[in-house]
Amino acid sequence: MLGKLLKYDLRYIYKVLGAYYLISISSVALSALLSKIEYPPYIIDFIEGFLANAGFGLSIGLMITAFTRTWMRFRQSLYGDESYLTHTLPVSRLQLFTSKFICAVIVLLLSLAVAALVLLLYVSPFSNFDIGAFFADADTSFTLFCFIVILGLLVIVQSIFIIMCGFSGIIIGRRFNTTPGPISFIAGLGCYLITGGLLIGIIYLFSNFDPELAAVFTHGHQPDLPTIINCAWICIATYTIATATLFVVNVNLLNRGVNVE
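Let me sum up the structure you'll find in this document. One numbering rule holds for all chains: residues counted from 1, following each sequence as written. A pLDDT threshold of at least 70 governs which residues receive local features in this predicted model, and a stricter bar of 80 or more applies before side-chain atom pairs are shown or counted, although totals over entire chains, interfaces and linings include all residues. Only hydrogens and water are removed before side-chain values are computed, so all heavy atoms of the structure are retained for them.

The next point concerns the packing of helix α7 (residues 180–207) against helix α9 (residues 225–255). The geometry of α7 relative to α9 is characterised by a closest axis approach of 10 Å and an angle of 140° between their N-to-C directions. As the angle between them shows, α7 and α9 are arranged oblique. Crossing handedness for the pair α7 and α9: right-handed. Residues Cys191, Tyr192, Thr195, Leu199, Ile202, Ile203 and Phe206 of α7 form the contact with α9, whose participating residues are Cys231, Ile234, Cys235, Thr238, Tyr239, Ala242 and Leu246. Think of it as three bins: nonpolar holds Ala, Val, Leu, Ile, Met, Phe, Trp, Tyr, Cys and Pro, charged holds Asp, Glu, Lys and Arg, and polar takes everything else, Gly as well. Each residue belonging to the contact of α7 with α9 can be placed in one class, and the counts come to 12 nonpolar, 2 polar and no charged. Axis lines are fitted through C-alpha atoms, for helices just across the contact stretch, and the angle between N-to-C directions can take any value from 0 to 180 degrees. The way it works is that DSSP assigns letters per residue, a run of H or I at least four long becomes a helix, a run of E at least two long becomes a strand, and they are numbered from the N terminus. For classification purposes, an angle smaller than 35 degrees is called roughly parallel, one larger than 145 roughly antiparallel, one from 65 to 115 roughly perpendicular, and anything else oblique. By convention the crossing between two helices is left-handed if the near helix lies anticlockwise of the far one by an angle smaller than a right angle, and right-handed if it lies clockwise. Whether two residues are in contact is decided by their heavy atoms, any of which lying within 4.5 Å being enough.

See the structure below:
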């Protein structure tokens, strides 16, 4: 049953998001091919630039669409017209919410991968990156590589948390039938801001054990790369715990009852 729920959720989301993937990748790929033409006519040069910028803009749009379509599907399935069928299925509220969460993670990871591919194709005609020079200094290149990997993981974890905040906002808002929209927005934003405040407090607490990090708070020093990496790990751990906490809270709220439209 979980697989069927995922299939219907992904089908709903990718009716729109799939078109963003196809158009954005096609635009920058064709632009990259046109950029290989030496001394192109003005019209070809114009088309190449237009396609590159259009593809880059669509890659930003697809990330926004990934968030909004995921939230729309969550609201429509659990509280909209489809909710009367959803809540009659022989599955628990935990299974329902788990399917929405897994669907959100799949959509997010695919969207980030497509956006990264589009960005790579977008900058490739202008890039003179020398991979050999990058690995000339083993220590520096390893540190930079770790930083890039950790930064990517942070983006993924924080994005999952943002989606979870949206789910929390929808669930909390729907418990108030009079004005669910504004309350959903305030509740979701509140979850994110409260966690952000806790995160700053946690980093400040860790600064008591890290002189370099303490200098950032006391003297405004620019942190070095290892310090930034340490802060990134703190952020990853905090967002992971916050996501798990909201997951449990959201399931408990759903088990208390759902006010459908």
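Let's shift gears to the side chain of Arg73. As for its placement among the helices and strands, Arg73 is situated in helix α2 (residues 42–79). Reaching out from Arg73, the side chain makes a polar contact with the side chain of Asp9 at a distance of 2.7 Å. Dropping the residues within four chain positions of it, Arg73 is found in contact with Tyr8, Asp9, Tyr12, Ile13, Glu82 and Lys100. Distance and chemistry together define a polar contact, namely a pair of N or O atoms within 3.5 Å, with one atom able to donate a hydrogen and the other to accept it when in protein, and with adjacent residues in sequence counting only for side-chain atoms on both sides.

With that out of the way, let us pick up the pattern of salt bridges. One side-chain nitrogen of Lys or Arg within 4 Å of one carboxyl oxygen of Asp or Glu is enough to make a salt bridge. Throughout the structure, instances matching the rule amount to 2 salt bridges. Here Asp9 and Arg73 are joined by a salt bridge, their closest N and O atoms 2.7 Å apart. Note that Asp9 is positioned in helix α1 (residues 2–34) and Arg73 in helix α2, a separation of 64 residues in sequence. Arg73 shares its class with Asp9; the two are buried. For the salt bridge of Lys100 with Asp9, the shortest nitrogen-to-oxygen distance reads 2.9 Å. In this pair, Lys100 is assigned in helix α4 (residues 93–123) and Asp9 in helix α1, connecting sequence segments 91 residues apart. Relative accessible area decides the class of each residue, using a 1.4 Å probe on protein chains only: under 20% of the type maximum gives buried, over 50% gives exposed, and in between gives partly exposed.

Summarising the element assignment, Asn53 is placed in helix α2. For the pair Asn53 and Ser24, spaced 29 residues apart in sequence, the C-alpha to C-alpha distance is 9.7 Å.

Further remarks concern the state of the cysteines. Two cysteine sulfurs form what is called a disulfide whenever their separation falls within 2.5 Å. In this structure the tally under the stated criterion is 0 disulfides. Considering cysteine sulfurs only, Cys191 is the nearest to Cys165, which forms no disulfide, with 5.2 Å between them.

Time to look at the packing of aromatic side chains. Aromatic rings from Phe, Tyr and Trp, taking only the six-membered ring of Trp, are treated as a pair when their centres fall within 6.5 Å; an angle between ring planes under 30 degrees marks them as stacked, one over 60 as edge-to-face, and anything in between as tilted. Across all of its chains, the model carries 9 aromatic pairs by this definition. Arranged with centres 6.1 Å apart and planes meeting at 35°, the rings of Phe161 and Tyr192 form a pair that is tilted. Taken together, the residues span a long stretch of sequence, with Phe161 in helix α6 (residues 138–173) and Tyr192 in helix α7 at a distance of 31 residues. On the numbers, 5.3 Å between centres and 40° between planes, the contact of Phe161 with Tyr239 is tilted. Taken together, the residues Phe161 in helix α6 and Tyr239 in helix α9 connect sequence positions 78 residues apart. The pair Phe161 / Tyr239 is uniform in exposure class, with both members buried.

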